[in-house]
Amino acid sequence: MPDAQAAWWSRDAAGLSRGLGSGPGGLSSDEAAARLRQFGGNVAADQGGVPAARVLLRQVQSPLVLILVFGALVSLVVREWIDASIVLAIVLVSVVLGFLQEYRASAAVAELRQRLALLVRVVRDGSAVTVPATTVVPGDVVELAAGNLIPGDGVVLAARDFLVIESSLTGESFPVEKQPGAVPAATPLAGRGNAVHLGTSVRSGTATVLIVNTGRNTVLGAIAGRLAASEPESEFARGVRQFGYLLVRVMLVMVVFVLVVNQLLDRPALESLLFAMALAVGMSPELLPAIVSVTLSRGAREMAKRGVIVARLEALENLGSIDVLCTDKTGTLTLGVVGLNGAVDPEGNDAPSVLELAWLNASLETGIENPLDAAIVEAGTRAGLAPGGHAKVDEIPYDFMRKRLTIVVAPATEPASHLIVTKGAFDDVLAICRMVSRGDLEVPLDAATRERLGAFYRQKGAEGFRVLAVASRRVTPQARYAREDEAEMTFRGFLLFQDPPKETSARTIGDLAALGIRVKVVTGDNRFVAAHLAGSIGLDTRTMITGAEIASLRDEALWQKAEQADLFVEVDPQQKERIVRALQSRGHAVGYLGDGINDAPALRAADVGISVDGAVDVARESADVVLLEPDLDVLRQGIEDGRRTFANTLKYISITTSANFGNMVSMAIATPLLPFLPLAAKQILLNNFLSDIPSVFISTDNVDPESLKRAQRWRVAEVQRFMIVFGLLSTVFDLATFALLLQVFGADQAVFQTTWFVVSLLTELAVLLVLRSRGPAVRSRPSAVLLWSTVAVAGLAVAFPWLGPVAAAFSFVPLPLSIGAAVIGIVAAYVLSTELVKAWFFRSR
C-alpha cells in the first residue's frame, strides 16, 4: 500500500489502485473490515461524545475551582485542617457533580448525532452497497452523485460533468470540474483536477472515485483542529462570555475593597484573604457550564422525541431566538407527495408519446434523486412502459444553471440514429428548441407559438401545477455528448405535476405568527405555481420578489424589500444566501429550512440551518437542526422547546447572580461596620454550594406561556439590570437583618454568622421559586423535582445549627426561638417584597 503522504494525485490511477490492493470490483468485505481496524474510523476530528478525562479536566481547570484549591492550600499551610477539609470537600462535590452532568449531556448529544450518520455508495465484493461514511477505508471505490459529500481523499476514475465545491479547503467559491488523469506532484491542491477531498461536496454530475486517504490522513484531517477553532461563536455563548466579563469586573472591585478595608482594620491577613476569595467565588455561578450543558442536552432529548434532532447543541439557544423562518414549499407547506397529473402535447392534449419520452429520461438518469422523476417513473410503470427497445448511450446531468437534464438513447428499431431526450424548466428547455411538434409533424417554432406555449405554462402555474417541458432530437450516433448538443431540439410537450398544500399549513403558519415568527417562502419554482400555493395558505403574494429582481438590487435595497416580502421565487442558491443575510442585516434572527444542494449556502448563512432527514448530504451536514419529518408543525414544537431551554438557562443565570450579588454587596458593606466578618469563608462557600443544588434541576422547570410567545434573545444589559435590582433588594433585607441582630438581639459573632447563614440561604431558595416566573409565584407551578429539592435544602439550612459536629466544623450554634421567629418573618417579608418589585420590574420593561 503506498505511503499516505506520497503525491498520489500524480500517479497513474490503475497503478495506484493496484498498490492499494483494489480494482474495479473494489475491496472485499473482509479486507475493508481489516483496514477499518488498521486506519480507524473515517472522521477528520473527534466527533460525538467528549472523552471522560477531558470533561473531568474541564471541571478542574475552572478558575473558580482553582481559587478554591488555592484557598485550601493556604489553609493547609497554616494548619487550618478543618477549613481546608471543608473547602476540598466542596471542590470535590462540585467537580464530581459538574462532571456527571456534563458527561451525561455529552453522551446524549453523541447518541443524537449517530442518528444523522451519513451514508455512501461503495463497491464491495464487486457490487455497489450503501455503508456509513465513517466506515470508508483506503482502497474503497465509491460512486458519487450531485449532493453527496465526498467521504475521503482520492482520485477520479470516471466522471461525467463532475463539478465539485472545494471552497471549504481552497476558498474558491465556484465549482471545479474534475476528470480522470494525473497531474505533477508539485501541483497545489486547488490545481489538482483529478483529485477530490474529504469535506468537499458534489455540485453536479456523477463520478467513480478511488479513495486513497481517510480520516486524519486527509487534507481536512490535517487542518481539522484549525477549522474547529474557527467555528463561529453562538449568540448565547457570546452573551455568557460578555456577562462573565461583567462579573469579573464586579468581583475585582469587591475583592480589592474588602482586602483594603480589612487591612485598615488590622484584621488577620490570612483570614481576610480567604474571605475575599470566598466572596469572589460566591459572586460567580460556578455550576453554569454544567447547568447549561444539562439544560441544553435535556432540551435536545425532548426535541428528539418529537422528531427534531439537534446536530449542534449550541444551536438550541439560537432556535428559540428566530423571528423569521425562510422555507421552500415542497414537503413542508405541501404534502410532499408529488403526482404526475398529465403529460400533454403543445396543444394541451393528453400525449402518451410525451409520457414515454419523460419516462425514458427519468428512469435512465443517475444523478439527483428527486420526487418529480419518481412521479414520472411511477406514472410510466402504471402505463406499462418498459425500457426494452432503448439502450442508454450517455447522460448530461442536471445542473442549476441549465435547469435541465438530458438522456441519450439508442432505439433498437433505428440503429443508425441516437435519440436525445431533454426535460427541465420550461424557459430553459424552450430556449434550446427550434421546432415544435404538431401531431406527427415538426414545424418551426415561431414567436407566436412561443407566446402561446408561454401562456399555457403561466395558466397551469396559476392553477397550482408545477410544469416541466420535454424536448427531443434525433442525431447521427457519436461517442460522447456534451451540453453543446442540447440544441436544435423539438419541443414535444408539458409535464403537469401537483403537490397540494397540507391542510394544516395555514394553521401552522398562524401558530408560528403567534410565536412572533414570520414565514417567508424562498423557492426556485416559477412565480405562478409559488404564488398559487402562497395565496392558498394565507401568505401575502403582493410583495413577491423574483430572482431577476433580486439580481438587479443592491444589498441595501434588498434589505428593505426582503423584510416586506413573504414570497421569493425563481431564485438561485446565491440569491437564497443574499436573502438570509439581508434579513439578518435588519436585525432578524433567521432560520432557514432547506433540503437541496442549492440550499447549502443559505443553510450555512442562517442563524439556524434546518434540514430534513431525507435531504442530500451537503444540506444535512450544513444544518444545525434536522427534522425527521418535513413538517412545519414539528418545527414549531422544536422552536418552543428551544425557547423553553433558553428561558430555563437564563433563569439560573439571572436568579443566581442577583442573589449572589446581593449577598456579596451586603458583606462588602458590613465588613467595615462589624467587629467581625459577616460570614467565615467556609460558611460562604457552603452557602453558595447548597444554594446551587436545586439549580441543577432548573432544566426540568415549567416555563410561563408568555415566554414561549416571543423570540428569546440574550441581552446583557437586561440581565445586568435584573441582577442589580433584585440583588440590591436582597441587600436591603440583609442590612435590616444585621441591624436587627445587633441592635435588638445583641448577637455575638457565632449567633450573628449562624443567623445570617440561615437567612441568606433561605432567601436565595425562596427567591428561586418567586423569580422563576414573571407572574405571581402562586399561579406558576414549578417542576416537582425543582420544588422538592428546594424544600430539602431549606430543611437542611434550618437544621444545620443543631447538627452537632457538623455545626461545630462550620462554627454554627443553635439559635434561640426568638431569633428563629425573626428569621421566618424576614424571609416572609422578603418574599412579599420580591413579588411586588417583580411586578414593577416586568411591567416597566
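Residues numbered from 1 in each chain as written. Predicted model: local features only at pLDDT ≥ 70, side-chain atom pairs only at ≥ 80, totals over all residues. Heavy atoms only, no water.

A. Geometry of the packing of helix 12 (residues 352-364) against helix 13 (residues 371-382). Contact pair helix 12 / helix 13: the axes reach a minimum separation of 9 Å and the direction vectors enclose 125°. With respect to each other, helix 12 and helix 13 are oriented oblique. At the point where helix 12 passes helix 13, the crossing takes the left-handed sense. Residues Leu355, Ala358, Trp359, Ala362 and Ser363 of helix 12 form the contact with helix 13, whose participating residues are Asp373, Ile376, Val377, Ala379, Gly380 and Thr381. Split by residue class, the contact of helix 12 with helix 13 holds seven nonpolar, three polar and one charged. (Axes fitted to C-alpha atoms, helices over the stretch in contact; angles between N-to-C directions. Helix = DSSP H or I, 4+ residues; strand = E, 2+ residues; numbered from the N terminus. Parallel < 35°, antiparallel > 145°, perpendicular 65-115°, else oblique. Left-handed = near helix turned anticlockwise from the far one by under 90°. Contact = heavy atoms within 4.5 Å. Nonpolar A, V, L, I, M, F, W, Y, C, P; charged D, E, K, R; others polar.)

B. Molecular detail of the sheet that holds strand 18 (residues 518-522). Taken in spatial order, the eight strands line up as 8-23-22-21-9-18-20-19 in an open sheet, and their pairing is mixed. Among the strands making up the open sheet, the edge pair consists of strand 8 (308-310) and strand 19 (545-546). (Pairing = 2+ DSSP bridges.)

C. Fine view of helix 16 (residues 505-514). Listed in full, the buried residues belonging to helix 16 are Ser505, Thr508, Ile509 and Leu512. Seen along its axis, helix 16 keeps its buried residues to an arc of 100°; they face one direction. Check the buried side of helix 16 and you find it contacts strand 9 (324-327), strand 18 and helix 23 (632-670). In the stretch just after helix 16, Gly516 is the one whose phi turns positive, near 80°. (Buried < 20%, exposed > 50% of the residue type's maximum accessible area, 1.4 Å probe, protein only. Arc of directions from axis to C-beta.)

D. Layout of the pairing of strand 4 (residues 153-165). In terms of strand pairing, strand 4 meets strand 7 (residues 201-213) through ten bridges, oriented antiparallel. Following the sheet pairing, Arg160 is matched in strand 7 by Thr206. In the sheet, strand 4 pairs with strand 5 (residues 176-177) via two bridges, with the strands oriented antiparallel. Paired with Val164 across the two strands is Val176, which belongs to strand 5.

E. The packing of aromatic side chains, seen in detail. Evaluated as defined, the whole model comprises 20 aromatic pairs. With 4.7 Å between their ring centres and 40° between their planes, Phe456 and Phe494 make a pair best called tilted. One end of the pair, Phe456, is in helix 15 (residues 447-462); the other, Phe494, is in strand 17 (residues 489-498), with 38 residues separating them in the sequence. What makes Phe456 buried here is its relative accessible area of 15%. With relative accessibility at 0%, the residue Phe494 sits in the buried group. Relative to Phe810, the ring of Phe800 has its centre 6.1 Å away and its plane inclined at 70°; by these criteria the two rings are edge-to-face. With a gap of ten residues between them, Phe800 in the loop between helix 28 (784-799) and helix 29 (805-809) and Phe810 in the loop between helix 29 and helix 30 (817-843) connect regions that are remote in the sequence. On the basis of relative accessibility, which here comes to 9%, the residue Phe810 falls in the buried class. An aromatic cluster of at least three residues, connected via ring pairs, comprises Phe426, Phe456, Tyr457, Phe491, Phe494 and Phe528. The ring of Trp9 has Arg192 lying over it, and the distance from NZ or CZ to the ring centre is 3.5 Å. (Phe/Tyr/Trp six-rings, centres within 6.5 Å; stacked < 30°, edge-to-face > 60°. Lys NZ or Arg CZ within 6 Å of the ring centre and 35° of its normal.)

F. Broad picture of empty space enclosed by the protein. Evaluated as defined, the whole model comprises five cavities of 30 Å³ or more. What the largest cavity holds in volume is close to 80 Å³. Around the largest cavity sit Ile655, Thr656, Ala659, Ser691, Asp692, Ser695, Glu764, Leu765, Val767 and Leu768, which together line it. The set of elements that each furnish at least two residues to the lining of the largest cavity consists of helix 23, helix 24 (681-692) and helix 27 (749-771). Examining the composition of the lining of the largest cavity, we find that four residues originate from one element, helix 27, more than from any other. Taken together, the residues of the lining of the largest cavity break down into five nonpolar, three polar and two charged. By volume, the second largest cavity amounts to about 70 Å³. (1 Å grid on protein atoms, 1.4 Å probe; cavity = no way out; pocket = protein on both sides within 12 Å on 5 of 7 lines; lining within 4 Å. Points joined across faces, edges and corners; volume = space filled by probe spheres on them.)

G. Local environment of the packing of helix 26 (residues 716-744) against helix 27. Two elements in contact, helix 26 and helix 27, have axes separated by 11 Å at closest approach and are oriented at 150°. When the interaxial angle is binned, helix 26 and helix 27 end up roughly antiparallel. Between helix 26 and helix 27 lies a crossing of right-handed hand. On helix 27, the residues that touch Phe722, Phe726, Asp734, Thr737, Phe738, Leu741 and Leu742 of helix 26 are Phe752, Thr755, Trp756, Val759 and Leu771. Looking at the contact of helix 26 with helix 27, its residues break down into nine nonpolar, two polar and one charged.

H. The arrangement of a nonpolar patch on the surface in detail. A cluster of nonpolar side chains, Leu73, Leu76, Trp81 and Leu88, forms an exposed patch at the surface whose accessible area comes to about 370 Å². For the nonpolar patch, the secondary structure elements donating two or more residues are helix 4 (63-77) and helix 5 (81-114). Among the structural elements, Leu76 can be located in helix 4. For Leu76, a relative accessible area of 32% corresponds to the partly exposed category. (Patch = residues over 30% accessible without salt bridge, like charges linked within 9 Å, V, L, I, M, F, W, Y side chains within 5 Å. Areas by Shrake-Rupley, 256 points an atom, 1.4 Å probe, with all protein chains shown as cover. Salt bridge = Lys/Arg side-chain N within 4 Å of Asp/Glu carboxyl O.)

I. Region of interest: the environment of Leu265. Mapped onto the secondary structure, Leu265 falls in the loop between helix 8 (235-264) and helix 9 (269-283). Judged by relative accessible area, Leu265 falls into the partly exposed class, the value being 38%. Put simply, Leu265 and Thr671 are 406 residues apart on the chain and 9.6 Å apart in space, counted from C-alpha to C-alpha. Ignoring sequence-local partners within four residues, the contact set of Leu265 consists of Thr671 and Pro672.

J. The arrangement of helix 17 (residues 527-536) in detail. What helix 17 keeps buried is the set Val529, Ala530, Leu533 and Ala534. Seen along its axis, helix 17 keeps its buried residues to an arc of 130°; they face one direction. Residues of helix 17 that are buried sit in contact with helix 15, strand 16 (466-475) and strand 20 (567-569). N-capping of helix 17 is provided by Asn526, with a side-chain oxygen placed 2.9 Å from the backbone N of Phe528. The first or second residue beyond helix 17 is Gly538, which carries a positive phi of 95°. (Polar contact = N/O pair within 3.5 Å; in protein donor to acceptor, adjacent residues only side chain to side chain.)

K. Just the pattern of salt bridges, in detail. For the structure shown, the criterion picks out 31 salt bridges. Arg527 serves as the salt-bridge partner of Glu570, at 3.0 Å between the closest nitrogen and oxygen. Of this pair, Glu570 sits in the loop between strand 20 and helix 20 (573-585) while Arg527 sits in helix 17, and the two are 43 residues apart along the sequence. For Arg527, a relative accessible area of 32% translates into the label partly exposed.

L. The arrangement of the environment of Asp748 in detail. Relative to the elements of secondary structure, Asp748 occurs in the loop between helix 26 and helix 27. For Asp748, a relative accessible area of 45% corresponds to the partly exposed category. The spatial distance from the C-alpha of Asp748 to the C-alpha of Phe676 is 9.3 Å, given a sequence separation of 72 residues. For Asp748, the side chain forms a polar contact with the main-chain nitrogen of Val751, separated by 2.9 Å.

M. Expanded view of the confidence of the model for the protein chain. When the pLDDT values of the protein chain are averaged, the result is 84; 87% of them are 70 or greater. Contacts of residues 225-231 to residues separated by more than four positions or lying in other chains number two contacts, the stretch itself having pLDDT below 50. (pLDDT = per-residue confidence, 0-100.)

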